[in-house]
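If you want the building blocks of each chain, they are given just below.
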Amino acid sequence: MDVTLSLKSGHLYRPGFVRRRWLCLLALLYCGFAGVATSSAQRRLTLDDAILLARKQSVEAEVALGELKSAYWEYRTYRANLLPEVSLGANIPSYNKRYSSYQREDGSYSFVRNDNIGIDGNLSLTQNLWFTGGSLSLRSSLDFTRNIGRGNENQYMSVPVVLTLSQPVFAANTFKWDRRIEPLRYKEAKASFLSSTEDVALSAITYFFNLLLAEENVGISGQNLRNAEKLYEVAQAKRSMGQISENDVLQLRLNMLNAQSALTENESSLKSAVFALRSFLALDENEEMELVVPDSVPSVLMNYEDVLSKALENNAFAHNIRRRQLEADYAVARAKGNLREMTLYAQIGYTGTDRDIHGAYSTLKDNQVVEVGLRIPILDWGKRRGRVKVAQSNRRVTESRLRQESMNFNQNLFILTEQFNNQLRQLRIAEEADAIARKRYETNVETFMIGKISTLDLNDAQTAKDEARRKRVSELYSYWRYYYQLRSLTLWDFAADTGIDADFVEIVK
């Protein structure tokens with residue numbers, strides 16, 4: 001609050017002095033009107049505006065969106081693996097002209113010349129079987145070969161249909177585990193994105209209040225300098241009349257110099273804070289901002305049990321805990337499945353060959369293949385069983401870490417809830433202390449003017465006033481920081497009493 005000081009010594013009220021005061025007053029009025037005109041061209045930025053801009057165009061918001069898109073397409077890839085895949089393959093054409101070795105009936109070798117043109121194509125349909133871990137495919141193909149130099153003889157081979165089953169017997173079912181893990185991973189990614197948007201809001205709040213505090217510091221320093229200059233003038237006049245000691249005059253001179261130094265330092269900090277907020281919000285470097293101090297805060301009281309319930313239901317941490325537990329179980333199952341390897345391979349279909357394409361399809365022969373591959377280590381020096389033990393040990397470590405992380409999460413959430421519930425009272429205390437400190441300083445200034453208190457008392461009142469003002473801004477910042485931290489952890493809007501959600505399909509487009 002501005003404190004106006006006047007000089008009442010009789011020898012200062014000369015006509016020239018009065019004229020100079022009127023000229024100064026006109027100059028101040030002109031500067032004031034110029035300042036109003038300049039401010040009208042500035043962007044008025046409220047805390048909600050800063051948060052909205054940060055969520056739209058900050059780098060942190062872009063990073064969060066990029067991570068969500070990556071998780072979305074990974075989930076789409078997992079879903080696609082469960083659907084039939086149709087593929088087309090072809091060589092059109094292939095030309096082969098070379099010598100190759102040929103073994104005669106007597107066991108001797110000779111070289112024969114190959115000179116042919118070939119064309120082949122196939123169409124296949126493959127379906128992964130998530131309930132067994134195998135795959136089933138249906139395939140149709142046609143091959144054509146023309147032997148050049150031997151009457152241009154043509155040969156066709158057709159496979160109208162062949163059905164193939166490939167089924168691991170003892171291995172862990174990857175598809176079944178993916179059906180349990182991947183949806184959790186995507187839920188975790190969506191919750192992380194929502195929490196990241198709240199973290200972006202937290203960063204915006206920090207930059208906003210850093211600039212607000214820097215502006216307050218500049219305002220306080222400027223006002224202190226003006227007051228120090230006027231008090232120094234008063235002290236000089238009182239010293240000339242013998243009403244004050246030389247020590248007090250020197251102290252007020254020192255106060256004025258310190259105020260000039262503080263103003264210069266705070267103006268530099270203000271420029272840095274302006275640049276930081278403008279850069280974070282991706283605003284034009286020439287755009288000026290006029291911050292609007294939040295005039296109200298949500299008056300909500302939070303219950304820890306309710307906050308914990310919402311956090312365990314919505315937060316990415318809860319999904320992360322379940323996913324990591326499943327991944328540890330999957331690692332053990334995979335290691336156990338690798339103790340022995342057995343694969344069933346079965347194929348049934350029809351094949352036809354002829355010199356023309358019609359004959360290749362009219363004269364068909366059945367084609368059947370059944371294979372059972374088995375690989376059981378007889379002596380591996382405990383390598384595979386060692387891998388099982390490692391996986392089991394890693395699972396126990398993971399379980400211990402998850403328990404500890406859960407305890408830490410609950411404890412931090414409890415502390416944060418208590419801090420938030422106490423912060424509203426702290427804010428009210430800071431506001432009242434700010435008003436009292438300002439009033440005390442004004443009273444001390446008036447008392448000093450009549451010589452009732454020393455410069456030390458005045459300095460103490462000024463320091464208390466400045467600290468009370470900064471404390472009020474700091475407590476307001478702490479309130480909003482705690483509030484958005486709880487929003488980020490619970491994904492719940494406590495002011496509106498509704499969950500925080502988004503249309504993810506539209507977001508990732």
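Residues numbered from 1 in each chain as written. Predicted model: local features only at pLDDT ≥ 70, side-chain atom pairs only at ≥ 80, totals over all residues. Heavy atoms only, no water.

## Regarding the confidence of the model for the protein chain
Item 1. For the protein chain, the average pLDDT comes to 85, and 91% of its residues sit at 70 or higher.
Item 2. Segment residues 1-40: pLDDT under 50, and 27 contacts once partners within four positions in sequence are set aside and those in other chains are kept. (pLDDT = per-residue confidence, 0-100. Contact = heavy atoms within 4.5 Å.)

## Brief notes about the environment of Phe448
Item 1. You can see Phe448 is positioned in helix α9 (residues 383-449).
Item 2. Note: C-alpha distance between Phe448 and Ala235 (213 residues apart in sequence) is 9.9 Å.
Item 3. Look past the residues within four positions of Phe448 in its chain and what remains in contact with it is Leu231, Lys238, Ile244, Leu252, Ile453, Ser454, Thr455 and Leu458. (Helix = DSSP H or I, 4+ residues; strand = E, 2+ residues; numbered from the N terminus.)

## With respect to the pairing of strand β5 (residues 153-168)
Item 1. Pairing of strand β4 (residues 134-147) with β5 involves twelve bridges; the strand directions are antiparallel. Residue pairing across strands places Phe144 opposite Tyr156, the latter belonging to β5.
Item 2. Across eleven bridges, β5 lies against strand β7 (residues 341-354) in antiparallel orientation. Looking at the pairing, Pro168 lines up with Thr343 of β7. (Pairing = 2+ DSSP bridges.)

## Overview of helix α3 (residues 59-81)
Item 1. With 23 residues, α3 should cover 33 Å at 1.5 Å per step; its first-to-last C-alpha distance of 33 Å lies within 8% of that length.
Item 2. Of the positions making up α3, those classed as buried are Ala61, Ala64, Leu68, Ala71, Tyr72, Tyr75 and Tyr78.
Item 3. Tucked inside the fold, the buried residues of α3 contact α2 (47-57), α4 (174-240) and α11 (504-507). (Expected span 1.5 Å × (residues − 1). Buried < 20%, exposed > 50% of the residue type's maximum accessible area, 1.4 Å probe, protein only.)

## So, the pattern of salt bridges
Item 1. Inspection of the entire model under this criterion finds 22 salt bridges.
Item 2. Two residues, Asp434 and Arg438, come together in a salt bridge whose shortest N-O distance is 2.6 Å. Placement of both Asp434 and Arg438 in helix α9 is noted, with a separation of four residues, approximately one turn of the helix.
Item 3. Residue classification places Asp434 among the buried positions, given a relative accessible area of 2%.
Item 4. Counted as one network, the salt bridges with shared partners bring together Glu182, Arg185, Glu188, Arg323 and Glu327. (Salt bridge = Lys/Arg side-chain N within 4 Å of Asp/Glu carboxyl O.)

## Brief notes about the nonpolar core
Item 1. Counting 68 residues, the largest nonpolar core has Phe209, Leu281 and Trp480 as its most contacted members.
Item 2. Elements with a contribution of two residues or more to this core: α2, α4, α5 (246-280), β6 (289-291), α6 (304-314), α7 (316-337), α9 and α10 (455-490).
Item 3. Beyond its immediate sequence surroundings of up to four residues, Phe209 is in contact with Leu47, Pro294, Val473, Leu476, Tyr477 and Trp480.
Item 4. Counting 15 residues, the second largest nonpolar core, distinct from the first, contains Ala64, Tyr78, Phe193 and Phe504. (Core = buried A, V, L, I, M, F, W, Y, C linked by side-chain atoms within 4.5 Å.)

## A look at the side chain of Ser158
Item 1. Among the secondary structure elements, Ser158 is positioned in strand β5.
Item 2. There is a polar contact of 2.6 Å between the side chain of Ser158 and the backbone oxygen of Ala360.
Item 3. Filtering out sequence-adjacent residues up to four positions away, Ser158 remains in contact with Ser141, Leu142, Tyr350, Thr351, Gly352, Ala360, Tyr361 and Leu364. (Polar contact = N/O pair within 3.5 Å; in protein donor to acceptor, adjacent residues only side chain to side chain.)

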